[in-house]
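Architecture at a glance
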Amino acid sequence: QVQLVESGGGLVQAGGSLRLSCAASASTFSMYVMGWFRQAPGKEREFVASITRSGILTSYAGSVQGRFTISRDNAKNTVYLQMSSLKPEETAVYYCAASNTRTRTLSEYIYWGQGTQVTVSS
């Protein structure tokens, strides 16, 4: 079992930046591909970014590529999402999740955090 806890969400103005963190309470953290998803009000949960076990390979949704950066520190059992140039439409609950494979598919992630709210004002 892996417990994931997100932090770093909050209120930011359009064009601003936030850094989200996801801490895992497991020494096996490095075994998992980690992903970030988000769910806006009234919408489906969508893929944002993922990072492989080594941290070398990353994937991004087209809408965030160039503005968001996913990274991980296996020594700290933590994955990060650095978000820049935020837009109001990116207001959502952001979730981190763990998978055994590199994937963008929500159902293939085994463990999920509780989510952290990100609100982007205009």
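In this report, we go over the structure that sits alongside the text. (Residues numbered from 1 in each chain as written. Predicted model: local features only at pLDDT ≥ 70, side-chain atom pairs only at ≥ 80, totals over all residues. Heavy atoms only, no water.)

**Here we look at the state of the cysteines**
Within this structure, the stated rule accounts for one disulfide. With its sulfur 1.9 Å from that of its partner, Cys22 forms a disulfide with Cys96. Across the disulfide from Cys22 to Cys96, rotation about the S-S bond amounts to roughly 50 degrees, and the bridge is consequently right-handed. Of this pair, Cys22 sits in strand S3 (residues 18–24) while Cys96 sits in strand S9 (residues 92–99), and the two are 74 residues apart along the sequence. Looking at Cys22, the relative accessible area reads 0%, which means it is buried. (Disulfide = S-S within 2.5 Å. Helix = DSSP H or I, 4+ residues; strand = E, 2+ residues; numbered from the N terminus. Buried < 20%, exposed > 50% of the residue type's maximum accessible area, 1.4 Å probe, protein only.)

**Some thoughts on the environment of Ala14**
Its location among the elements puts Ala14 in the loop between strand S2 (10–13) and S3. Separated by 74 residues in the primary sequence, Ala14 and Pro88 have C-alpha atoms spaced 6.0 Å apart. With residues up to four places along the chain from it excluded, the contact list for Ala14 reads Leu86, Pro88, Val120, Ser121 and Ser122. (Contact = heavy atoms within 4.5 Å.)

**Here's the deal with the side chain of Glu90**
Along the polypeptide, Glu90 turns up in the loop between strand S8 (78–83) and S9. Reaching out from Glu90, the side chain makes a polar contact with the side chain of Arg67 at a distance of 2.4 Å. Glu90 has contacts with Arg38, Ser63, Val64, Arg67, Phe68, Ser85 and Val118, leaving out every residue within four places of it along the chain. (Polar contact = N/O pair within 3.5 Å; in protein donor to acceptor, adjacent residues only side chain to side chain.)

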